[in-house]
Amino acid sequence: FPSAAPSASPTSSVRGFLENVFPESSDAFDVVGSPQYDALQWLEINHTNILLDMPEHRIVQRFALATLFHSLDGTRWVKMKNWLLPTLNECDWIAAQDTTNNYSLNCTEGDIMVELILTNNRMRGKMPGEIFLLSNLRTLRLNDNFLSGTLPPSMGSMTALTELFLHENLLSGVLPFKGKTEQNILPNLETLIMGTNFLSGTVPTEIGLSMPKLKRLILRYNFLHGAIPSEISQMTDLEILELGRNLLSGVIPVTLYDMTNLKRIALENNGLTGTLNTNIGQLQDLENLDISRCQFSGQIPSELGNLPLLESAKLRENHFNGTMPEDVCDAVFPNGTLNLLEADCAGKRPLIDCECCHVCCRVDGKCFRIIGSWAQRPNNQGIRPPGNQPRPPPLASPPRQPPMPPNGPPPPLRHL
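What this report covers is the structure whose coordinates are included nearby.

Basis of the calculations
- Residues numbered from 1 in each chain as written.
- Predicted model: local features only at pLDDT ≥ 70, side-chain atom pairs only at ≥ 80, totals over all residues.
- Heavy atoms only, no water.
- Helix = DSSP H or I, 4+ residues; strand = E, 2+ residues; numbered from the N terminus.
- Buried < 20%, exposed > 50% of the residue type's maximum accessible area, 1.4 Å probe, protein only.
- Contact = heavy atoms within 4.5 Å.
- Areas by Shrake-Rupley, 256 points an atom, 1.4 Å probe, with all protein chains shown as cover.
- Expected span 1.5 Å × (residues − 1).
- Pairing = 2+ DSSP bridges.
- Axes fitted to C-alpha atoms, helices over the stretch in contact; angles between N-to-C directions.
- Parallel < 35°, antiparallel > 145°, perpendicular 65-115°, else oblique.
- Phe/Tyr/Trp six-rings, centres within 6.5 Å; stacked < 30°, edge-to-face > 60°.
- Lys NZ or Arg CZ within 6 Å of the ring centre and 35° of its normal.
- Salt bridge = Lys/Arg side-chain N within 4 Å of Asp/Glu carboxyl O.

**Describing the overall build of the chain**
Across its full length, the chain carries 5 helices and 23 strands. A burial count over the chain gives 50% of its 416 residues as buried. For the chain, long-range pairs separated by at least 24 residues make up 56% of all intrachain contacts whose partners lie at least 6 apart in sequence. Total accessible area on the chain stands at roughly 18,300 Å², and carbon and sulfur atoms take up 49% of it.

What follows is the structure in structure tokens.
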């Protein structure tokens, strides 16, 4: 890959230079109308004199961005006004006055691109492998678009990347984070958000070694199956783990309870089984726990009440039984920090006897919010207030609404 430092322009043709940098584009250069062909033509026709004084890394940047534009229906983007202007530095294709949280293109003083944000930009199509020629990027956010197909394996070249946001798209295939056991594919990545896509396959066992610095892993609303690999504990800095609304099975690996930096665990709506291990008491930084709508069983461990920062615990719609431990009830606000506690404590024969829960559910899945301190347990109507007051309405849990296909209307946004 080209050096980050400016250097003299190549003396060979632009095509020869690019083929040397990224051989995967070679065949596409001969396909008239392909994104790579169009990007090459744009470079050769509009940069006859400009390229003579342009550093190599800028030629690569312009080619990668031009390929991205032609691959993802660039003429319909929200922010496309200045794109592909040959006389304008590519670092200025998004004007300073147009830079927002959704749109940004930042470079260092040496015109080395380090940030590309094109959120909710009406981008449609398959992400080209050439985007990963931007190997100095630290932030790449292309979420809330209509990106489809699989992720190119060349993404492993983005070793400087710290943030990768690709959620709310139409991406499919397996997670491309498999490599040699001694290899860090994305060694500096701290945030990976790929929720609300059509990803399938398993969570690769190599994921821990591939991204050792990861702090946020969000893969909810996909079609991942299989077990949660025990190797996930190798991401010792992980703070947020969201794998909910997939097709995962098996038990929670014991090694997960060794990840003492975890602040949020969301595994809801899966086929996970087994018990909630007493080792959960080791997660002293845990603030949110959601394991609702799974197949967990056994008794709720009292150690759950010994987590000093826990604010919510969603345990409903499982097969837990017995009595809510006194330590857990003691942690409920105002005595403790627990502001939301949900369990299967409603109905004629509740699975859990709980006097401190905020939400109680019946075995048929209907849930009711308990208001104040008036909680009573009628024979077959869940939880309701005393006297003639109406029973609170059931808590709705809408099913997943997958994104519409590229030719249909945009899907409703679900902010992660």
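Structure shown, so let's carry the discussion forward.
**Structural notes on helix H3 (residues 56-71)**
Because an α-helix packs 3.6 residues into every turn, residues spaced three or four apart end up facing the same way. A rise of 1.5 Å per residue sets the reference length of H3, with its 16 residues, at 22 Å; its end C-alpha atoms lie 23 Å apart and thus fit the reference within 8%. Counting buried positions over the 16 residues of H3 gives 14, a clear majority of the element. Two residues or fewer past H3, Asp 73 is found with a positive phi of approximately 55°.

**With respect to the pairing of strand E1 (residues 103-107)**
Relative to strand E2 (residues 113-118), E1 is paired through 5 bridges, and the arrangement is antiparallel. Looking at the pairing, Leu 105 lines up with Leu 116 of E2. Hairpin geometry of E1 and E2 is characterised by an intervening segment of 5 residues between the two adjacent antiparallel strands and by a positive phi of about 60° at Asp 111.

**Structural notes on the sheet that holds strand E9 (residues 198-199)**
Pairing is parallel in the open sheet, where 4 strands are placed in the order E3-E5-E7-E9. This sheet does not close on itself; its edge strands, each paired only once, are strand E3 (124-126) and E9.

**Quick look at the sheet that holds strand E19 (residues 319-323)**
Taken together, the 3 strands give an open sheet; going across it, the order is E17-E19-E21, and neighbouring strands pair in parallel fashion. Only two strands of the sheet have a single partner each, and these edge strands are strand E17 (297-299) and strand E21 (352-353).

**Here's the deal with the environment of Thr 260**
Among the secondary structure elements, Thr 260 is positioned in the loop between strand E13 (247-251) and strand E14 (264-266). With a relative accessible area of 40%, Thr 260 lands in the partly exposed category. On a C-alpha basis, the gap between Thr 260 and Leu 283 in space is 4.9 Å, while along the polypeptide they are 23 residues apart. When sequence neighbours within four positions are dropped, the list of residues in contact with Thr 260 reads Gln 282, Leu 283 and Asp 285.

**Some points on the packing of helix H1 (residues 14-21) against H3**
In contact at an axis separation of 11 Å, H1 and H3 are set at 85° when each is read in the N-to-C sense. Classed by the angle they form, the pair H1 and H3 counts as roughly perpendicular. Every residue of H3 that contacts H1 at Phe 17, Leu 18 and Val 21 is listed here: Glu 56, Ile 59, Val 60 and Phe 63.

**Quick notes on the packing of aromatic side chains**
As enumerated under the stated definition, the model contains 8 aromatic pairs in all. Ring plane angle 70° and centroid distance 5.2 Å describe the contact between Phe 69 and Trp 77, whose orientation is recorded as edge-to-face. Considered together, Phe 69 and Trp 77 belong to a single accessibility category, that of buried residues. Judged by centre distance (6.3 Å) and plane angle (10°), the rings of Phe 296 and Phe 320 are stacked. You can see Phe 296 sitting in the loop between strand E16 (288-290) and E17 and its partner Phe 320 sitting in strand E19, a full 24 residues away along the chain. A relative accessible area of 2% places Phe 320 in the buried class. A cation over an aromatic ring shows up here: Arg 124 above the ring of Phe 146, its NZ or CZ 4.3 Å from the ring centre.

**Overview of the pattern of salt bridges**
Inspection of every chain in the model, using the stated rule, returns 13 salt bridges. The partner of Glu 90 in a salt bridge is Arg 58, with the nearest N and O atoms 2.8 Å apart. Residue Glu 90 is found in the loop between H3 and E1, and its partner Arg 58 is found in helix H3; the two are separated by 32 residues along the sequence. Pair check on accessibility: Glu 90 and Arg 58 agree, each one buried. Between Arg 62 and Glu 90 there is a salt bridge, with its nearest N and O atoms 2.6 Å apart. In this pair, Arg 62 is assigned in helix H3 and Glu 90 in the loop between H3 and E1, connecting sequence segments 28 residues apart. In this structure Glu 90 comes out as buried when scored by relative accessible area, which is 0%. Linked through salt bridges whose partners overlap, the residues forming this network are Arg 220, Glu 242, Arg 264 and Glu 268.

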